[in-house]
Each structure stands twice: as structure tokens, then as C-alpha cells.
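Chain by chain, the residues:
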Amino acid sequence: FHNARLKLYTLLWFKPPVGILGAWCSLRIIQKMSGLYNPPPPSSGEEALEAAEDELSGMMMIKSILPSALVGNRFSGSSSSSSGGSIVGGSSKTSSSKFSPWGSSLLRLNVSDKSYKIRVQGQKQTRKRKRKFRRGRSFDLDKGDRSYDNFGGIETVRVRAYQEGLKAALEVVSEEEEDDDGSSTTLFGNKQSVEEHKSNSSVKDDVQTALTALQLLCPPKGSREYFVQENAQALSKLSNYIAPSSSTRDKTKTAPTVKQQNIDLLLHHSSKLIEMRTLDALLRTLRDRHLIVASRLRRARDYWKWHVNLSGGWFGLFTQDIRLKVNSVLPWLGLNDFKERIQRDYERVTASWEKELICLGKVQQILLDRPEEMEVGSLLSVTKENDGEESSWLSNLLSGGTKSKPSLDASAELILESKNRVWIRETEDWCTTARQAVRDALDEVMITKDVGDAERSEAHKFLNDWASYDVTTENASSWLTALSIVEYSGSPRRPGEQRYLQLSTIISQVKRYDFLGIPSSVLILFAANMFHDRVVAPHKQEMIDFAKSVFSAVWGVIEFRFYIPLKDIILDLLNRRPRMVDPFALSNEQTSLDNMLKDLGVGDGTRENRARALASASRMYEEEVAGGAIRGIVRGKVAQLMLIQIQQLKADLLQAMDTIDVLVDANRLNVQLIAGIPALLIVIYGTRAAFLFWSNIRMKNFRLPHDVHSEMSDYLKKVEECLVLSNYQLDAMGREQAVGAKACLKPKEMGELLLLLHSYLNLLDYMSPPFPSKQCNSIHQSVQNLLLQGQMSTKRQLDLLKVIQSKNDELLKFI
């Protein structure tokens, strides 16, 4: 045991890679073991299924098994029992009405064995959606995307208006409940039934739910998937107000009052607004997936097009001859029809690409055909009354809080306006169209992969029911199922795509056999130990010396090019300049010289008489030397005169140094500024090179800014070509001049336009910096204006595109 402990201590202390990775692996194993030994309380049957539904908010399990279900993997198990139920749709009490959109095989899952795994996967998916945020500008293509960044979603003014009405309705319902608690009779003396009391309580819950849902906002660059997930529970509770032509009250009971009708009308409009905001976020998520798939298909199309072009010409003939000779020797390789296979793959990927463009264009057209929003400028007029109430809290207190009734009546009047009645009808039609778009998107995914007929029919039935507002699919789990479907819609490979070996696939396969992370931890520690023994230990001193030399070189550049010039400039500005000559030393030497001249008898010891005294001392020195140098040294004053000359040299030298010091002080700032020029050049060109290097890493391609800018300009030219060629059939019909101003893009043309704009904004993101952020934001805003709500005509889009091209040309000044 002592030897094992010593060996472990040696590994952890004297081998840093093993020690660091060992600590990390230990923490990971402890975390997995804590989840294994402290699982949720086990349950079985229908109770466990309902508990999983409640805790996971519906369809979290569908997301965890969705990829394996879509690729055609069947779940094995015994036949479903009568007590088994699905987690999609239906009531929890009636198991016969439940079904699974991915086939009856899901019903055979043992929920008691998988409840913990389902819960953990659901929590991971929720955290993933919550932490996800949008990067860059490439997916913010229209004005609606700008509304998410600026206001947290669409229909900001209408949301604020309905919030005020719901707050007033909540106060009214609360007052009625207080009156009901105090007295069990109505105004006419009749006893209030228990059912009516329950109805008022349910209305209060619905009002509170709608108000909470309208207060949800998508933060700037936030996750729209999490925004949809947060609204799913509210849509489930408000399903009675969402379904078209639905009645929220029992017709056999007493006719509702005007106040109750206003509250029901307000709840209906608020519920449809919540549904529209949720579907808008869901469609934008679907559009992002279509953009990813379309970009991927375009790369695959270019790949196969390159192979098709390579198969022609003299090189193609040469390779064809080689393939024929190889095929004659090895016929089982199947190289005879290689050219036909390349051509077939190119045709398949081209068809898939055009089909994806059509789907992308349809989704974007649905987003642009959304009912017209209330103008942001009308926000103050909508909330004007409430702002006054908040400011006059004393009058509201004295009046007993009766301000809610006028606010509720004002909200009812706003809803009953003609334009808002038109809006609710358009919203109902738009929501139905949006649900059908999500249904069509999943149908395309199901057709893409080899999925069994049973799973496909069940999925198609579920989506048809959800798109047609079936009662069994108006719950939170159905919304989360649709969200999971949309999230997964971009993952399957389309026909014709080149198959690549993905690291994620290998990792997922390895994780299946990684029990508690112990096997992977052992491999990691073994690799760390081998790395230390083979690489670190033999070359340890060389690595240390190299690190020290690099550090000293970097610190030398920082010290002599940045630190010292900057320190001297700051000291000069603070009037703390270091001097070569001390003023006291100069004054002391001059005073000593004057005293020595006075002792010689040729001066009076003052500064003014110093020059005449030095001249007299010089003549005296000449006379002494002329009488004999040796005699003057022994009996005369030669030694004293020589000391005076030495003192004069010292004083004159200090005086010259003081003059030089004054000159240096006068030009010290200029010299330090000149010395700082290399540092400034290093900072300017170093940051540009760093930004360019980082942008090239993000692009995964090393190119110069001029090349990237030329490609951006090429994308804008392609956008212009797409707009010019749109609706070309009108030229043949002779109606171009008559309806040219009203011509709009078709789904395929809209999809191609979106893909080109996405590619352009992607490059703009990569080059910002070195392109200034202000100019890039201006271009991005102009690009978003190309796709305004209601679909701008192609003529106006071409005019706006000229403005974008001029802004794009100005970016060359910043390269």
C-alpha cells in the first residue's frame, strides 16, 4: 500500500499533465456516480409517464430519441399494454387517446428504467437552449429579426396594450372574487353557484397566464428556441382561446355580462398574439435551419460540379482510359460507370438544393406576410392613460382603485376597432399557414431519410392534427415536439451530399461504452503519462530554456519599445525630469573656486569678480613657470595655481553639462515621442494583422481583405441579377410595364436571395474587424430593409441595392 501511495503521489506531483487531467477525471467520475446513486424516486406505469411529462414540460424525451427514430431505428420490446400511453397529445386520464408521432414502438419503453435518463437529457436540452445565443449578423435577415434585438420580439406596441388590458382585467376579476367571498349573493339576490365561482377562478388563472406570457421577452442575440419553450406551457393553458371558432363558455348557462365578454375577447386576442409570437420565433428557427442546409447543399453542388467539369477534356479522356483498363482487370470495382455516377450525384444535389431554396423561400414569405404591426410611434398613445395613473398614485388611492374599469373598457374599444378586427382574422389565417409550414418541413425531412412507413404515417398524422388545431395536440408537449422537429430538421443529410467522416459521430459511438467515464478517464491518464515520459521529461530543460528566452525577448520588446518611452513621457508631463547635473554640486564647485582665488589674493570671493581673478591667476602661473618650474613647485605657488586650474576645469565641465541638460530637457518630450513611433506602428499593424489572422481562422481560409471584398461585391452582383431575372415571364406576356412595380419574388427566387444575403453577411461578419463596426452595422440595416414586412417590389429592392453597393464600395477605404 505504501509503494502504491508513493507511486500515485509521484504521478500526481512530478508529472503535471497526469496530475491535472487526473483531478479533472476524478471530478467527472464523482459527478456521474452521484447521479447514479441518488436517482429520482422510481415509479412505474402511467404514473411515471405522467410525472415525466410534468417535470420535463412535455416532449423532452422526444428530442433525446428523435435522431434515432428518424433514421429508421426501431425500438425493440414486447407489445404495448393497455395501460401504456404516449407523451404526445391527449389527456393523462384517457390513455387510449394518446399516441406517439414516431410510432407505437415508443410505447414499449420502460419508463421506470429510463425516467432518470429522460429527465437528465431534458434538463441538458433546456440548459442548452437557454445558454444558446446568436452570433454575428448572417441570420438576422429582415426587419423582424431587428425587432428581436431592439424590443425582444414582434408586435411590441400590441403587447404593451394587451398587457395594460390584462392588468385591468386581473384587478376586476380579483375584486369580484373578494365580493364573492364576502357575500354569496349576486346583485339580484340569487345564490352564486359553485360552477360560476370556479369559472371566475379559471378566468383569473387564464388572465394571469396570458399576462405572464406577454411579459416574456427574447433578449438581444438570445435563443429563440428557449423563447418558444417558455411560451409552450402558456399556449397549453390558453388552448381554449387559440383554436379558431372555439367557445370558451358553456352556452347552456347564463348569458355572460358585458364585462365578461370584454375579458373573453381580450383573452382571445392575447392568446392569438402569444401564438403568433411563438410561431414567428419557431419559423425563424426553421428558416435558420433551411439556410444551414442550403449552404451545405451549395458546397456539395460546387464539389460535384468540379468533378463533372474535371471528367471532360483531355484529362477526362485520359482518366477514362485508365478506368477502363483497371475495370477490365478488376471488374468488381465498378469503375465503368464512374462518370455517370458523378453526373447523377450532381443532378441529385442540384435538385435537393433547389427544393431547399423553395422551402426557404416559403418560410420567409410566411414571415413577410405576417399581419401588419402597430407602429412603434403609437406606443405612447396606447399607454398614455396608464402612465397618468402611475403618476397620480394618491388620487388612485383616494378613489379606491377604480381606475381598472376604464382601462378595461379602453382595451375593449381598441380591440373592437375595425383594423384590429381585421388583424385578428389575418392572425388566425397566418397562424394556420405557419403551422402548415412546420408540418411540411417535417414531411420533407421524413422523405429525405429511410424511415419506416409506420413511423412516417404516425408523424404525418400528428403534424396534421397539430396544424389543424386538434384538441389532443394543443398541449405543451406538442409544442415542444414541434420545436424539437424544427431543431433537428437541419441535421439529416440531403440526397447528393458528400458523406464525410464526422468526429461527433465517433464520439457518440464511443460514449455508449463509456460507463461512468471510467474507461475514457483511464485512456486519458494513460495518454497523459505517455506524453510526459516521451515528450516532456526528455526535453524538460530545453523547454524551460526556450520558454525563458521567449519571455525575455518579449519582455525586452515591451520594456524598450513601450514601457520606457511611455514612462518618460508621463514623467515629463508631470515635470519630474531626471537631470545629469545636480544644481547643488555646480554651485558648490563654483563657490570653492571663488574661495581658492580669494586665498591666492587675486579675487574677493564673489561671482562677479571671478573672471578677472582667473586672468590674474593665469598671469601669475606664467611668471612662476618662467622663473623655474621646479623652484616654483618647491618655493613658489605653482602647486596652488595648478589646484586652482583643476578646480576651474571641474566648474567649467559641470557648467557645460548643465547647459546640455537644459537642452535635453527642452527636447526630451520630442525624443520620447519619436521613440514611441515604432511602438505605435507595432500596435497599428500588429492589431490589423491579428484581426486579419482571426478573420481568416473563422473563415477557415487564408485570403487578403481585397479578395474577400471582391467576393462580397460578387454576391451583391448576384443579388442584383436575381432581382432583375425575377418574374421574367411577365416580359413574354407583355405586362411588365403595367405590373412591374408590383412584381414580387417567388419562393425559389426568395430562397436564392436569402442564401446570397446570408453569404454576404457571413463574410461581413468575418471581416468586422478589420472593417469598422459602424459601417458594417449600416450595411446590415440596409440589407434588412430589403425584406420589409409585406414584401417590397423588386423595383424598390433594386433601388435599395444600389445604396448597399455604394456602402460596400466605401469599405475599401478602411483596408
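Residues numbered from 1 in each chain as written. Predicted model: local features only at pLDDT ≥ 70, side-chain atom pairs only at ≥ 80, totals over all residues. Heavy atoms only, no water.

(A) A look at the overall build of the protein chain. Helix and strand counts for the protein chain come out as 34 helices and zero strands. By the burial criterion, 40% of the 815 residues in the protein chain qualify as buried. Partitioning the contacts of the protein chain with sequence separation of at least 6, the portion at a separation of at least 24 is 81%. Here the protein chain has roughly 46,000 Å² of accessible surface; of this, 59% comes from carbon and sulfur atoms. (Helix = DSSP H or I, 4+ residues; strand = E, 2+ residues; numbered from the N terminus. Buried < 20%, exposed > 50% of the residue type's maximum accessible area, 1.4 Å probe, protein only. Contact = heavy atoms within 4.5 Å. Areas by Shrake-Rupley, 256 points an atom, 1.4 Å probe, with all protein chains shown as cover.)

(B) Geometry of the packing of helix H6 (residues 143–151) against helix H11 (residues 258–310). Between H6 and H11, the shortest axis-to-axis distance is 12 Å and the interhelical angle comes to 115 degrees. Where H6 crosses over H11, the two elements pack in a sense that is left-handed. Seen from H6, the contacting residues are Gly144, Asp145 and Tyr148; seen from H11, they are Arg277, Asp280, Ala281, Arg284 and Arg287. Classifying every residue of the contact of H6 with H11 by side-chain character gives two nonpolar, one polar and five charged. (Axes fitted to C-alpha atoms, helices over the stretch in contact; angles between N-to-C directions. Left-handed = near helix turned anticlockwise from the far one by under 90°. Nonpolar A, V, L, I, M, F, W, Y, C, P; charged D, E, K, R; others polar.)

(C) Region of interest: the environment of Ser491. As for its position among the elements, Ser491 is in the loop between helix H20 (476–488) and helix H21 (503–511). In sequence terms Ser491 and Arg289 are 202 residues apart; their C-alpha atoms lie 8.4 Å from each other.

(D) Summary view of the environment of Glu749. Within the secondary structure, Glu749 sits in helix H32 (residues 747–766). Distance in space between the C-alpha atoms of Glu749 and Gly361 is 7.1 Å, their sequence separation being 388 residues.

(E) Representation of helix H25 (residues 610–626). Between its first and last C-alpha, H25 extends 24 Å over 17 residues, near the 24 Å set by a 1.5 Å rise per residue. Gly628 lies just past H25 and shows a positive phi near 125 degrees. (Expected span 1.5 Å × (residues − 1).)

(F) Looking closely at the pattern of salt bridges. For the structure on display, the rule yields 33 salt bridges. With a shortest N-O distance of 2.8 Å, Glu487 and Arg129 are connected by a salt bridge. Linking Glu487 in helix H20 with Arg129 in helix H5 (residues 111–131), this pair joins segments that are 358 residues apart in sequence. Each member of the pair, Glu487 as well as Arg129, is classed as buried. Linking Arg435 and Glu474 is a salt bridge whose minimum nitrogen-to-oxygen distance equals 2.8 Å. With a gap of 39 residues between them, Arg435 in helix H18 (residues 418–448) and Glu474 in the loop between helix H19 (453–467) and H20 connect regions that are remote in the sequence. (Salt bridge = Lys/Arg side-chain N within 4 Å of Asp/Glu carboxyl O.)

(G) Main features of the nonpolar core. In this structure, Leu282 and Leu283 are the most contacted members of the largest nonpolar core, which totals 59 residues. With sequence-adjacent residues up to four places away left out, Leu283 is seen in contact with Val363, Ile366, Leu367, Trp430, Ala434, Ala437 and Val438. Formed by 35 residues, the second largest nonpolar core is a distinct cluster that contains Leu692, Leu745, Tyr766 and Phe771. (Core = buried A, V, L, I, M, F, W, Y, C linked by side-chain atoms within 4.5 Å.)

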